[in-house]
Structures are given as structure tokens and as C-alpha cells.
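Secondary and tertiary structure notes
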Amino acid sequence: MLKRRPRPILYVLVALSALISFFPIIWLILTSVKTQAGVYAWPPQYWPDPFTAKNYVAIFTKSPELLRSILNSFIVGTGVTVVVLVLGGMAGYALSRLRLRFAGPTMILILAVSMFPPVSLLPAIFQNFLQLGLLNTYAGLIIAHSGLFLPIAVWMLSSYFGTLPIELEEAARMDGMGYLRIFLTVILPLSWPGFVATGLIVFIFSWNEFPLSLVLMTQSAMRTAPVAISLYPGEYSFPWETISTATVLAIIPILAVTAIFQKQIVGGLTAGIGK
Amino acid sequence: MPAMTVLDRRRHWTGGGFVLPTILLIALVLIYPVLVSVVQSFGQSDLGGTAPYRFVGLQHYIEIAGSAHFWNALGVTLIFAAGSVPFELVIGIGLALLMNESFRGKSIARLAVLFPWALPTALNALMWRWMFNSDYGVFNAVVLQTHLASRPIDWLGEPTLAMTSMIVVAVWKTSSFMALIILAGLQAIPGELYEAGRMDGMTRWTEFREITLPLLRAPILVALILRSMDALRTFELPFNLTGGGPIDTTESLSLYAYKEIFAYLKFNSGSALVVVQFLVVFAMSVIYIIALRRRD
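To start, this report covers the structure provided alongside it.

The rules behind these values
Residues numbered from 1 in each chain as written. Chains lettered and ligands numbered in written order. Predicted model: local features only at pLDDT ≥ 70, side-chain atom pairs only at ≥ 80, totals over all residues. Heavy atoms only, no water. Helix = DSSP H or I, 4+ residues; strand = E, 2+ residues; numbered from the N terminus. Buried < 20%, exposed > 50% of the residue type's maximum accessible area, 1.4 Å probe, protein only. Contact = heavy atoms within 4.5 Å. Areas by Shrake-Rupley, 256 points an atom, 1.4 Å probe, with all protein chains shown as cover. 1 Å grid on protein atoms, 1.4 Å probe; cavity = no way out; pocket = protein on both sides within 12 Å on 5 of 7 lines; lining within 4 Å. Points joined across faces, edges and corners; volume = space filled by probe spheres on them. Nonpolar A, V, L, I, M, F, W, Y, C, P; charged D, E, K, R; others polar. Expected span 1.5 Å × (residues − 1). Arc of directions from axis to C-beta. Axes fitted to C-alpha atoms, helices over the stretch in contact; angles between N-to-C directions. Parallel < 35°, antiparallel > 145°, perpendicular 65-115°, else oblique. Phe/Tyr/Trp six-rings, centres within 6.5 Å; stacked < 30°, edge-to-face > 60°. Lys NZ or Arg CZ within 6 Å of the ring centre and 35° of its normal.

**Considering the overall build of chain A**
- Of the regular secondary structure elements, chain A holds 14 helices and zero strands.
- Along the three orthogonal principal directions, the C-alpha set of chain A runs to about 75 × 65 × 30 Å.
- Evaluated residue by residue, chain A yields a buried proportion of 57% over its 275 residues.
- Residue pairs at least 24 apart in sequence account for 74% of intrachain contacts in chain A once pairs closer than 6 positions are excluded.
- Roughly 12000 Å² of accessible area belongs to chain A as shown, and the carbon and sulfur atoms make up 71% of that amount.

**A look at empty space enclosed by the protein**
- Inspection of every chain in the model, using the stated rule, returns two cavities of 30 Å³ or more.
- Considered as a void within the structure, the largest cavity measures approximately 70 Å³ in volume.
- If you trace the largest cavity, you find it lined by Val-14, Ser-17 and Ala-18 of chain A together with Leu-95, Leu-98, Met-99, Phe-103, Ala-109, Ala-112 and Val-113 of chain B.
- When residues of the lining of the largest cavity are traced back to their parent elements, those giving at least two are α1 (8-32) of chain A together with α3 (68-99) and α4 (106-118) of chain B.
- When the residues that make up the lining of the largest cavity are grouped by side-chain class, the tally is nine nonpolar, one polar and no charged.
- Reported here for the second largest cavity is a volume of approximately 60 Å³.
- In this structure, the second largest cavity is lined by Trp-27, Lys-34, Gly-38, Val-39, Ala-41, Pro-44 and Gln-45 of chain A together with Trp-130, Tyr-136, Gly-137, Val-138 and Ala-141 of chain B.
- When contributions to the lining of the second largest cavity are tallied by element, the ones reaching two or more residues are α2 (36-39) of chain A together with α6 (138-145) of chain B.
- Grouping the amino acids of the lining of the second largest cavity by side-chain chemistry returns eight nonpolar, three polar and one charged.

**Digging into helix α9 (residues 179-190) of chain A**
- For α9 of chain A, spanning 12 residues, the distance from its first C-alpha to its last is 15 Å, which sits close to the expected 16 Å at 1.5 Å a residue.
- The set of residues buried in α9 of chain A consists of Tyr-179, Ile-182, Phe-183, Val-186 and Ile-187 of chain A. Down the axis, α9 of chain A shows its buried residues gathered within 125 degrees of arc, on one side only.
- Along its buried surface, α9 of chain A packs onto α4 (64-97), α7 (138-161), α8 (167-174) and α10 (192-208) of chain A together with α1 (6-41) of chain B.

**A short note on the packing of α9 of chain A against α1 of chain B**
- Orientation of α9 of chain A relative to α1 of chain B, taken along the N-to-C sense of each, is 55 degrees, at an axis distance of 10 Å. When the axis of α9 of chain A is compared with that of α1 of chain B, the two are oblique. Facing Tyr-179, Leu-180 and Phe-183 of chain A of α9 of chain A, the residues of α1 of chain B in contact are Arg-11, Thr-14 and Phe-18 of chain B.
- For the contact of α9 of chain A with α1 of chain B, the residue count by class is four nonpolar, one polar and one charged.

**Points about the side chain of Ser-269 of chain B**
- Turning to its location among the elements, Ser-269 of chain B is positioned in helix α13 (residues 267-295).
- Beyond its immediate sequence surroundings of up to four residues, Ser-269 of chain B is in contact with His-60, Glu-63, Ile-64 and Glu-260 of chain B.

**Some details on helix α5 (residues 121-132) of chain B**
- In this model, α5 of chain B (12 residues) spans 16 Å end to end at C-alpha, consistent with the 16 Å of a helix rising 1.5 Å per residue.
- Within α5 of chain B, burial applies to Ala-122, Leu-123, Asn-124, Ala-125, Leu-126, Met-127, Trp-128, Trp-130, Met-131 and Phe-132 of chain B.

**Digging into the packing of aromatic side chains**
- The full count for this structure, using the stated rule, is 36 aromatic pairs over all chains.
- Between Tyr-40 of chain A and Tyr-136 of chain B, the aromatic rings sit 4.7 Å apart at their centres with planes inclined by 80 degrees, giving edge-to-face as the arrangement. Taken together, the residues Tyr-40 of chain A in the loop between α2 and α3 (54-62) and Tyr-136 of chain B in the loop between α5 and α6 connect one chain to another.
- Here the basic side chain of Arg-173 of chain A rests over the ring of Tyr-179 of chain A, its NZ or CZ set 4.2 Å away from the ring centre.
- In this structure, Lys-106 of chain B packs its charged tip against the face of Phe-103 of chain B, placed 5.9 Å from the ring centre.

This is how it looks when you write it as C-alpha cells:
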């Protein structure tokens, strides 16, 4: 493409969109380091005066359930990522590389079911998991999230496998390798960028998922972070300094992962959905 | 179709084995629950599953059709989708065009697009609820101190304003998703097309209208489908931003169905509601797909 000189208006637009994007997050962080008097001050404090870490200390000492919820999100998110990568990797490989007659219809089915509104799943999943004893268990929510996010993972991974040269597999077939061995020893080592991108996106989706996490974890000790923080406010009080602080703690892992792996995530999203 | 050889057959058995666990999980979590909802919507039982199922035909659907509450929720959902998706599209195209330029500080721009996408919708709603707070929120602080308003504005407490505020939050969060899909489309456009355009002395605007936009038709439609589907099933945004209020003016279909099922324990009529919602989302996808086919 012909190079054009970057124009000042470009930088103005970029700065403006960055400001609009970052402002709510910055404001949240600023709220979390204000004293209670600072949070409810008039005229408002745009800049915390004084800065305080008291809200963070208070979360650690007075609201163990909020910390526990962040741990729960980690456990569920990690479990979901592992399950989805293993199962989705195998399915994506078979559907994209084994020239299966049922590959086309299966991919369409997987795409179609991923469009179901989550709330339409709630009554039956709740009843089902209640009978199976899966309510308030990590296994239960991991199963639910895995089913929910497998479709996107299969689509992303199979589109990644599609970019690998087929000759490698043909050579391995000539050597008499079985498909499972080819998948494990030939395909996997070549596809780790695809797995990283898919894994990151699935982890973020699981961390952020709300309706199923809300309904399947009814005990406060088992709730995930978004649900625990949403349900934290009491009926009459809305302790914004605590809510802001807990929210900061719950989004920092996600924003850090996003910042570190921004290229992989953009690549994964554009490859999986753009097609 | 040619007959399968022994090798073909073996490949299909192995492939089937690879796909089966995924299909089973999807069946358990996605397909079976929807089928159960359909069955329950035609019957009477209870959420604990202890009462025996009794078939009642279309009774729940007839109740829904006569319920003002349902029509309100459907209207809220459609207004929310129609009010948010077009803005997301325009801003998304703008962001994608920005991201497609080369400039210094690209990584900051990429994060500006990714952060809103990566935030949990539920916590994002809480974050904005605090900024919209009528007594202590930053928006009222600014409009009062700059004398744009003389009294505090109740951003989430007045019907029309609450819906507008909710749309603003959705547009802020999801324009970036539109941008990412459209960016993928932009990057697939061969640079030579633009070079040819430059030779013909095209301005940037004609270049965008004559080359870029027509080639972006497919990604734009995909983005529209995905975002409209999401908007039609919005749940945690009103759940955490407004709770559905004031006087149900932001109560989406998903939120209404959730309350019916889990707050009022109306398992069967709630199931009928989710089936109706399912059909609304399905109908919209079909309309878009027909539109996509037509244009091709």
C-alpha cells in the first residue's frame, strides 16, 4: 500500500478514542483509592485527596467472600480453558483436516447452537444440574461454560489448522502414524499460537460469563467474581468504595492478560469470527 | 458419492471419535436445555422437578400474548437493539479504519479498542452505574460544575434517559467488537486496489466509498448479525445498571424471563418466554441471512 504521511487529525482521533475508552476504567481506579469521605464529597474530588489503600486492606480483612470469588473465577476459567482446548482442539482438527463427510453439517450445527440466548438455557440447566448434584460445584460450572464456549473454540481452532500445510500430515501418514499420534506430535507443536489465542479468549469469556454463573452457583462462597460483586450491594446501601475496589481487583487479571497478549487476541478474534 | 474404502471408513470412525466429546457437551449444555424449555412451555410442573408434568397446550403462550409486561419487555429489547447497533456499526467502522493506519503508539490504540471488549459486561454496568449516580457521579459533577445543568440529572431514574444511558454503555463497550471484525475485513483488501485508485486521483472519501465499503459488505453483515443477536439477548447490562427500572422501561426480555423463572418461580410460563425470545433472535438471524444472500 502507498505510504501516506500521518496527519495530525489521525493522532487527534486516536487520542480521543483512547481517552473515551480509558476514562471509565481510570475513574474506577481513582474511586478505589479515595477515602469514603472523598468518594461522597461535594464538590467532587477528581483527584483523590488523600490517596488511600484502606479500601484494598478492607477487602482483604472484611470481605473474604469477594477474594474467594476471584479465586473461584480463576479455578473455573482455568478448568474451562483446559477442557475447551483439549476437546475443541481434537474436534477442530478432525473437522478441518480429516475430510469427513459430516464435517460441513457439523460445523453449521455448532455455529447454530452458539447463537442460543443464554437465558433460554437457564431453567433446564438449573433443573438438570440440581438433579445431578452439580449446583455449587466447580465441575458443574466448568461443564456449563465449556459447552457454551466450545463452539467458538472449534471455529477458531479449525480455521487455524486450515492454515497448516497438509503435506506434513501426508508424510506422517506415509510413515504409518495414526491420527491421534499425528495430532499430538505433528499438529500440536505447530499450532500453539492458535491454542494460545483461543485459550486466552475462552478464559476471558469464562471470567466474564454472567447468567449461568449466577444461576448455577447459589452459595455465596462459590460465586464467581462478576456475580459476587453484582450481588454484594445490600438492599439499602451501595458501598461504592468497596464495589469499585473489588471491581478493580476482578478486572485487573483480565486487563493484564489482554494488554500482554493484545496481538494474539486480536489475531484470534479476527481469524475466528471474521470468516 | 463414491463408495467408502476401508481407509475412508477408518478415518471417519477416528474423526467421529474426535468430535464426539464436543458434540456431547454441546448437547448437554445447549441443545437439551432448549428442548426441555420447549417441552416445559407446553406444560405445567415446577422448578424442583417434583411435580408431575401435565400438558396444557398453548395456555402459557396465550397468557404471554395477553400480558402487557411481555409486550413491554419485547419493545424494550427491540428499542435497545435498534438504538445501539447502528451507532456501534458507525463507530466500529471508524475505529477499524483508525486501527488500519500505521502510526506511532499503535499498541495504545489497540488497547483502547480491546479493553472495553475484555471487561465483564456485568462489572462494566456497575462501573457506569457509579458514574451515572445522580448524587455523587462524575457526569453530574461535570454538568453541574460547568453549569450545563442547574439541577442534578437522574440519568438512570427517568424512563427515556435511562434507556439512552443504557444504550451509551452498550455502545461504549461493544463498538470495539464491531471494529475488530471489520478490521479483519479491511486487512483482507489487497493494497493494489488502493494504488489503482490513487492513480485515478481518487480522494480519500471516494476511495472509501468506491473501494473499501463495497468490499466490507460481508464483514459488516457478520458484525451486524452477531451484535444484534447479543443486543436482543441482553441480560446482565440492565440487571446491573438499572435492575430493569424505572418502571420496567429498561427491562429486557432476558431480564423479564429470568425474574419470572427465578424470582416468581413461574417455570413453565418462563420457559414459554425464553422460547419466544429464542424465536425473535432466530427470526432476526434469518432476516439478515436472507439480506446477505440477496446482495450476493
